[in-house]
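Close look at the chain arrangement
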Amino acid sequence: PLKPGKPVLVIETAAAKGLGSLLGAITFEVKNDPDARAITDALNAARGAHKVVVTATDASLYPGQVQLVNELLAQNPNVIIVSVRTPYDIRVLPVVPVVLAAYGGNPPTLRAIADILMGMSEASGVLPVTLP
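Along its length, the chain carries five helices and five strands. Going from the N terminus to the C terminus, the chain shows its helices and strands as β-α-β-α-β-α-β-α-β-α. Its C-alpha radius of gyration of 13 Å places the chain within 12% of the 14 Å reference for a compact globule of 132 residues. On the principal axes, the C-alpha backbone points of the chain span a range of 35 × 35 × 25 Å. In the chain, which comprises 132 residues, the proportion classed as buried is 44%. For the chain, the share of sequence-separated contacts (at least 6 apart) that also reach a separation of at least 24 residues comes to 59%.

It is worth spelling out the nonpolar core at this point. Within the largest apolar cluster, 21 residues are counted, with the highest numbers of intra-cluster contacts made by Ile11, Val52 and Leu72. Counting residues per element, the ones that place at least two in this core are β1 (8-12), α2 (36-46), β3 (51-56), α3 (63-75) and β4 (79-83). One finds Ala15, Ala16, Leu100 and Leu117 within the second-largest nonpolar core, a separate group that totals 18 residues.

Okay, the packing of α2 against α3 next. Each pair of packed helices can be described by the angle between their axes along with the distance between the axes. Where α2 contacts α3, the axes come no closer than 10 Å and their chain directions differ by 30°. It follows that α2 is roughly parallel to α3 by the angle criterion. Both α2 and α3 take part in a crossing whose hand is right-handed. On the side of α2, the interface is formed by Ile39, Ala42, Leu43 and Ala46, while α3 contributes Gly64, Gln67, Leu68, Glu71, Leu72 and Gln75.

On to a nonpolar patch on the surface, then. A contiguous nonpolar surface patch, about 310 Å² in accessible area, is contributed by Ile90, Val99, Tyr103 and Leu127. Mapped onto the fold, Leu127 is located in the segment after α5 (107-117). Here Leu127 falls in the partly exposed class, since its relative accessible area comes to 36%.

Turning our eyes to something else, we now look at the side chain of Ser83. Examined against the element boundaries, Ser83 turns out to sit in strand β4. Polar side-chain contacts of Ser83 include one of 2.2 Å to the backbone oxygen of Thr86. At 2.8 Å, the side chain of Ser83 and the side chain of Asp89 are in polar contact. Contacts of Ser83, omitting those with residues within four sequence positions, involve Ala56, Asp89, Leu100, Ala101, Ala102 and Tyr103.

This next bit is on the environment of Pro77. Mapping Pro77 onto the fold places it in the loop between α3 and β4. Once the C-alpha coordinates of Pro77 and Val52 are considered, the two residues, 25 residues apart in sequence, prove to be 8.8 Å apart.

What follows is about the sheet that holds β4. Read across the open sheet, the five strands follow the order β2-β1-β3-β4-β5; overall the sheet is parallel. Each edge of the sheet is formed by a strand with only one pairing partner; in this case those strands are β2 (26-29) and β5 (98-101). Strand after strand, the sheet turns through a mean of 20° between neighbouring axes, direction not considered. As judged from the four bridges shared by β1 and β3, these two strands associate in the parallel manner. Counted as the bridge partner of Val8 is Lys51 from β3. On top of the sheet, α3 reaches β1, β3 and β4; it is set at about 170° to β3, its chief contact.

Rules used in this analysis
Residues numbered from 1 in each chain as written. Predicted model: local features only at pLDDT ≥ 70, side-chain atom pairs only at ≥ 80, totals over all residues. Heavy atoms only, no water. Helix = DSSP H or I, 4+ residues; strand = E, 2+ residues; numbered from the N terminus. Rg over C-alpha atoms; globule rule 2.2 N^0.38 Å. Buried < 20%, exposed > 50% of the residue type's maximum accessible area, 1.4 Å probe, protein only. Contact = heavy atoms within 4.5 Å. Core = buried A, V, L, I, M, F, W, Y, C linked by side-chain atoms within 4.5 Å. Axes fitted to C-alpha atoms, helices over the stretch in contact; angles between N-to-C directions. Parallel < 35°, antiparallel > 145°, perpendicular 65-115°, else oblique. Left-handed = near helix turned anticlockwise from the far one by under 90°. Patch = residues over 30% accessible without salt bridge, like charges linked within 9 Å, V, L, I, M, F, W, Y side chains within 5 Å. Areas by Shrake-Rupley, 256 points an atom, 1.4 Å probe, with all protein chains shown as cover. Salt bridge = Lys/Arg side-chain N within 4 Å of Asp/Glu carboxyl O. Polar contact = N/O pair within 3.5 Å; in protein donor to acceptor, adjacent residues only side chain to side chain. Pairing = 2+ DSSP bridges.

What follows is the structure, encoded as structure tokens:
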């Protein structure tokens, strides 16, 4: 779980808008395919963050998301990925210690994600697909 009092940055796509608020975190919103400037701004926002939560939305279609996560990992290994549409994002994103497949970004799903990240509930379930 995220530790209370430790700075957390949530980098949100529109599909997960509101997750940072639920976590009481600093929030930085990016488009599905962030450009070089947005990536640089996100990296600057992530400096000093204890953990960085990145919401992924169809990352296989948006190389900017992949670049963003790669560059974040080079700067801070404490990255958590939350895939808000499909689990297939993890096929194209680099390996990180924590990945959640949420299958949606509606308010109840975002609340469930926040509860898991804050340690108020445990993640459960099995992927309905096999990923390499």
